[in-house]
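As a plain string of letters, each chain reads:
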Amino acid sequence: MQNFHVSATGHSLNYLPEYVAVWKGFFAEEGLEVSASVPAPWDLVLSDIAGGKAQAALGGIWVPSMFLGRGQRYVPFAQVAARAPLAIVGREKPEDFSWQSMPGKVMSMKGSNGASVGLFVKLVLRENGVDPATVRFVQDLDGKMLTDLFTGGMGDYLVIDYPSALTLEAAGGGYIVAPLATEGGNIPWSVYYTLGEIDEARLEVYTRFARALGRGMKWIQANDAETFRDFLTKTFPKFSPDLLVSLANVYRANGMWTTPRIDPQAYARWQTGIAGGYLTEAAIPYADLIDERPTLQFLTV
């Protein structure tokens, strides 16, 4: 059995295929003993893969993108989540929400754990005809603090993870006006990446990892979340079991878990958002950043 450690930027429901692949023994059947940790601060994932503590980092593809040609070469080789697990919470009811009413409004969204949330929301705003420069952002605090402040009356909109948004809505703290996890479109939200170009030895390992991850996705798609309620409850104890079951089924039905292969079209869209946030000078061609060899097995899926 070969150790394979993942240093992740979070512990999230959208990472479920990895957890299922450990639970059901799919990684073990590939000869891999997979473990995971969530260092704080999040950017220690880079130290973990540089120092050999981890074989892969799990997080946003914006990190490998912004470093390309700037000192370090981080190579994405698979994805676990193909949707942004976010929601916009407002004070009006969903039927009264309009993107065109956003200019001049105050929107809070966390910025303490990376750039993905801000990059994606601004991309969606532009896609809906709204210039992000016309929206007033509060972006430099963590999600819990911003949620408390929103509940206390600060701002017009709050962008948080979908499970927390559903919890806030159920508590009467606002309304989900834009469920980005279901309506926000496809992007390679959470990807696995490593340091340096992948040699033949690592390629063989990453290919086995991707194959087991894909089995985790297929298993989730084949099983209603109610049938693995206990596993969800144990894995994510801070959320109610009913919410976890409901949300996992929403994700199942809306393309959160599709294939470990990073989709070129979704990648191109996300590159537009990353470049729009000035992290790169221009969108990076797929072949310049991605090593798709570990996931070529999924081209026919």
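Preceding this paragraph is the structure being described.
Moving on to the nonpolar core. Counting residues in hydrophobic clusters, the biggest one holds 56 residues, and the most contacted among them are Phe4, Leu16, Tyr192, Phe209 and Leu232. Setting aside chain neighbours within four positions, we find Phe4 in contact with Leu32, Glu33, Val34, Ser35, Gln55, Ala56, Val205, Tyr206 and Phe209. Membership of the second largest hydrophobic core comes to 45 residues, among which are Ile61, Ile88, Met107 and Trp189.

The next point concerns the sheet that holds strand β4 (residues 74-83). Here we have 5 strands laid out as an open sheet, ordered β2-β1-β3-β10-β4, and mixed in their pairing. Since the sheet does not close on itself, it has two edges, and those belong to β2 (32-37) and β4, each with one partner. Across the sheet, the mean angle from the axis of one strand to that of its neighbour is 30°, orientation sign disregarded. Relative to strand β10 (residues 186-195), β4 runs antiparallel, the two sharing 7 bridges.

This next bit is on the packing of helix α5 (residues 116-127) against helix α12 (residues 264-276). Two quantities define a packed helix pair, namely the angle between the helix axes and the distance between the axes. Between α5 and α12, the shortest axis-to-axis distance is 9 Å and the interhelical angle comes to 105°. By the angle between their directions, the pair α5 and α12 is classed as roughly perpendicular. Contacts from Ser116, Leu119, Phe120, Leu123, Val124, Arg126 and Glu127 of α5 reach α12 at Arg269, Trp270, Thr272, Gly273, Ile274 and Gly276. By residue class, the composition of the contact of α5 with α12 is 6 nonpolar, 4 polar and 3 charged.

On to the packing of aromatic side chains. Scanning the model with the defined rule gives 22 aromatic pairs in all. Summarising the aromatic geometry, the rings of Phe120 and Trp189 are spaced 6.0 Å apart at their centres and angled 75° between planes, so their arrangement reads as edge-to-face. Of this pair, Phe120 sits in helix α5 while Trp189 sits in strand β10, and the two are 69 residues apart along the sequence. Accessibility assignment for this pair places Phe120 and Trp189 in one class, buried.

What follows covers α5. Between the first and last C-alpha of α5 there are 16 Å, a value that for 12 residues agrees with the 16 Å anticipated at 1.5 Å per step. The element α5 is largely enclosed, with a buried count of 9 among its 12 residues. Gly129 occupies a position one or two residues after α5 and carries a positive phi of about 80°.

With respect to the secondary-structure elements, Arg73 resides in the loop between α4 (62-67) and β4. Within the structure, Arg73 has its side chain in polar contact with the backbone oxygen of Asp288 (distance 3.4 Å). If we ignore the near neighbours within four places in the chain, the residues touching Arg73 are Leu68, Thr194, Leu195, Gly196, Glu197, Asp288 and Leu289.

What follows deals with the pairing of strand β6 (residues 106-109). As paired elements, β6 and strand β7 (residues 136-138) share 3 bridges and run parallel to each other. Each bridged residue has a counterpart across the sheet, and for Val106 the counterpart in β7 is Arg136. Across 3 bridges, β6 lies against strand β8 (residues 157-161) in parallel orientation. Bridge pairing in β8 places Met107 opposite Tyr157.

An ideal rise of 1.5 Å per residue puts 18 Å on 13 residues; helix α11 (residues 241-253) measures up with 18 Å between its terminal C-alpha atoms. For α11, the elements touching its buried residues are α7 (162-170), α8 (180-183), α9 (200-222) and α10 (229-235). Phi turns positive one or two residues past the end of α11, at Gly255, with a value near 80°.

With that out of the way, let us pick up unusual backbone geometry. Across the chain, the bulk of peptide bonds are trans and the bulk of non-glycine residues have phi less than zero. For the bond running from Ala40 to Pro41, omega is -5°, close enough to zero to count as cis. Within the fold, Pro41 resides in the loop between β2 and α3 (44-50). With a phi close to 70°, Tyr278 is a non-glycine residue in the positive phi region. Positionally, Tyr278 belongs in the loop between α12 and α13 (286-289). Residue class for Tyr278 comes out exposed when judged on its relative accessible area of 75%.

Moving on: the layout of surface pockets. What the largest pocket holds in volume is close to 1200 Å³. Residue lining of the largest pocket: 47 residues in total, with Ser12, Lys110, Asn113, Asp161 and Lys238 positioned closest to the centre. When residues of the lining of the largest pocket are traced back to their parent elements, those giving at least two are α4, α5, α6 (143-151), β8, α7 and β10. With 5 residues, the single largest contributor to the lining of the largest pocket is α6.

Before going further, it helps to examine the sheet that holds β7. With respect to topology, 5 strands assemble into an open sheet ordered β7-β6-β8-β5-β9, the strand pairing being mixed. Because the sheet does not close on itself, it has two edges, and the strands there are β7 and β9 (175-178). Direction aside, the axes of adjacent strands within the sheet are offset by 35° on average. Of the strand pairs in this sheet, strand β5 (residues 86-90) and β9 are connected by 3 bridges, and their pairing is antiparallel. Considered in β9, the bridge of Val89 is made with Ile176. Along the sheet, α5 makes contact with β5, β6, β7 and β8, crossing β6 at roughly 145°. Contacts from α7 reach β5, β8 and β9, with the element oriented near 125° to β8.

Calculation rules
Residues numbered from 1 in each chain as written. Predicted model: local features only at pLDDT ≥ 70, side-chain atom pairs only at ≥ 80, totals over all residues. Heavy atoms only, no water. Core = buried A, V, L, I, M, F, W, Y, C linked by side-chain atoms within 4.5 Å. Buried < 20%, exposed > 50% of the residue type's maximum accessible area, 1.4 Å probe, protein only. Contact = heavy atoms within 4.5 Å. Pairing = 2+ DSSP bridges. Helix = DSSP H or I, 4+ residues; strand = E, 2+ residues; numbered from the N terminus. Axes fitted to C-alpha atoms, helices over the stretch in contact; angles between N-to-C directions. Parallel < 35°, antiparallel > 145°, perpendicular 65-115°, else oblique. Nonpolar A, V, L, I, M, F, W, Y, C, P; charged D, E, K, R; others polar. Phe/Tyr/Trp six-rings, centres within 6.5 Å; stacked < 30°, edge-to-face > 60°. Expected span 1.5 Å × (residues − 1). Polar contact = N/O pair within 3.5 Å; in protein donor to acceptor, adjacent residues only side chain to side chain. 1 Å grid on protein atoms, 1.4 Å probe; cavity = no way out; pocket = protein on both sides within 12 Å on 5 of 7 lines; lining within 4 Å. Points joined across faces, edges and corners; volume = space filled by probe spheres on them.

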